[in-house]
Amino acid sequence: SSIKIPEEANAKVSPFQKTLLNRCQKEFFREKDDEKLIDGKIKETQEDKTLTNQKRKDELEELYYQRSKLKKKMLGNINFIEELYNLNMISAKIIQMQCITNLIDKKNKRHLNDDSVECLAKLFTVVGSKLEGDASEDDKKKQVFEDSYAQFKS
């Protein structure tokens with residue numbers, strides 16, 4: 001599925017904008033898959049009885065480094081998404097339904113790690129007031145925003 005660009009009167013979306021938004025969405029979901037993969041490898045390495053202590057330490061160090069790089073990439077992507085939203089290039093629905101809901105779902109499934117919490121907190125901090133303002137005109141959107149924020153805080 002690709003991002004649906006909000007259509008406003010006389011608004012024209014360039015192929016560049018469409019490509020940019022779709023790439024951003026792919027990165028957001030790919031990072032989640034990469035995160036699961038790295039976490040699985042970390043668990044595997046920790047439980048592998050055939051490794052020497054030094055070999056385990058070296059492999060874990062490399063995996064933690066990869067996880068750190070992924071975290072930087074995730075935060076960079078979140079920053080970019082926030083800026084696109086603040087420039088009205090993507091809609092509140094995209095932020096709410098694809099980014100926030102996705103991260104909160106991880107929390108509800110107990111798959112939320114510190115990196116995801118940080119991304120979610122950053123998202124609410126940077127775009128929360130604009131998102132709340134955009135939702136204030138529509139009771140349903142307002143309720144979705146308030147529910148998401150309450151779930152985040154709990």
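Throughout what follows, the structure given in this document is the object of discussion.

Scanning the protein chain from terminus to terminus reveals five helices and zero strands. The order of α-helices and β-strands along the protein chain, N terminus first, is α-α-α-α-α. Taken across its 154 residues, the protein chain has 33% of its residues classed as buried. Taking all contacts inside the protein chain whose residues are at least 6 apart in sequence as the whole, residues at least 24 apart take part in 69%. Surface exposure of the protein chain reaches about 10300 Å², of which carbon and sulfur atoms provide 51%.

A few words now on the environment of D147. Turning to its location among the elements, D147 is positioned in helix α5 (residues 139–153). In this structure the side chain of D147 is engaged in a polar contact, spanning 2.7 Å, whose partner is the side chain of Q143.

So, on to the packing of aromatic side chains. What the rule picks out here adds up to zero aromatic pairs. Between the NZ or CZ atom of K130 and the centre of the ring of Y85, over which it lies, the distance is 4.3 Å.

Here we come to unusual backbone geometry. At N88, a residue that is not glycine, the phi angle is positive and equals roughly 60 degrees. Along the polypeptide, N88 turns up in the loop between α2 (53–86) and α3 (92–108).

Rules and cut-offs
- Residues numbered from 1 in each chain as written.
- Predicted model: local features only at pLDDT ≥ 70, side-chain atom pairs only at ≥ 80, totals over all residues.
- Heavy atoms only, no water.
- Helix = DSSP H or I, 4+ residues; strand = E, 2+ residues; numbered from the N terminus.
- Buried < 20%, exposed > 50% of the residue type's maximum accessible area, 1.4 Å probe, protein only.
- Contact = heavy atoms within 4.5 Å.
- Areas by Shrake-Rupley, 256 points an atom, 1.4 Å probe, with all protein chains shown as cover.
- Polar contact = N/O pair within 3.5 Å; in protein donor to acceptor, adjacent residues only side chain to side chain.
- Phe/Tyr/Trp six-rings, centres within 6.5 Å; stacked < 30°, edge-to-face > 60°.
- Lys NZ or Arg CZ within 6 Å of the ring centre and 35° of its normal.

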